[in-house]
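Listed here are the chains, written in short residue letters.
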Amino acid sequence: MKRCDWATKSLQLMDYHDTKWGVPDYDEQSLFRDLSLEIMQAGLQWNLILKKLDGLDDIYHQFDFGYLAYHFEEVRRGSLE
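My aim in this report is to walk through the structure given alongside it, one point at a time. (Residues numbered from 1 in each chain as written. Predicted model: local features only at pLDDT ≥ 70, side-chain atom pairs only at ≥ 80, totals over all residues. Heavy atoms only, no water.)

Applying the stated criterion across every chain yields a total of six aromatic pairs. Residues Trp 6 and Trp 21 carry aromatic rings whose centres are separated by 4.9 Å and whose planes lie at 70° to one another, so their mutual orientation is edge-to-face. Of this pair, Trp 6 sits in the segment before helix 1 (11-19) while Trp 21 sits in the loop between helix 1 and helix 2 (28-41); the two residues are 15 residues apart in sequence, bridging distant segments of the chain. Taking relative accessible area as the criterion, Trp 6 reaches 27% and is therefore assigned partly exposed. On the accessibility criterion, Trp 21 (46% relative accessible area) is partly exposed. Three or more aromatic residues joined by ring pairs make a cluster, and in this case those are Trp 6, Tyr 16, Trp 21 and Trp 46. (Phe/Tyr/Trp six-rings, centres within 6.5 Å; stacked < 30°, edge-to-face > 60°. Helix = DSSP H or I, 4+ residues; strand = E, 2+ residues; numbered from the N terminus. Buried < 20%, exposed > 50% of the residue type's maximum accessible area, 1.4 Å probe, protein only.)

Structure representation (structure tokens):
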């Protein structure tokens, strides 16, 4: 597979490039997760977000927007401690 230059810098970036980059996604929860991660990434390297992905999924309950909307204050307080 031909990869973009940026994707060769780490295993996480290679996996992201090969499985997510440019692949259409129509699932609302997945799109919400991707948008949230892009917002969190502002000013950081994408590789850092990918390294912390499991922890972010745990903190934000797999980015379940129904859960997050209902439990916003609890999640906000817990994630800031």
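Any two side chains of opposite charge can pair if their charged atoms end up close together. For the structure shown, the criterion picks out four salt bridges. The shortest N-O distance in the salt bridge between Lys 20 and Asp 34 comes to 3.1 Å. Residue Lys 20 is located in the loop between helix 1 and helix 2, and its partner Asp 34 is located in helix 2; the two are separated by 14 residues in the primary sequence. Residue classification places Asp 34 among the partly exposed positions, given a relative accessible area of 22%. Salt-bridge contacts for Arg 33 lead to Asp 57; the nearest nitrogen and oxygen are separated by 3.0 Å. Of this pair, Arg 33 sits in helix 2 while Asp 57 sits in helix 4 (residues 53-59); the two residues are 24 residues apart in sequence, bridging distant segments of the chain. Asp 57 matches Arg 33 in its accessibility class, with the two residues each being buried. Through salt bridges with shared partners, one network takes in Lys 20, Asp 25 and Asp 34. (Salt bridge = Lys/Arg side-chain N within 4 Å of Asp/Glu carboxyl O.)

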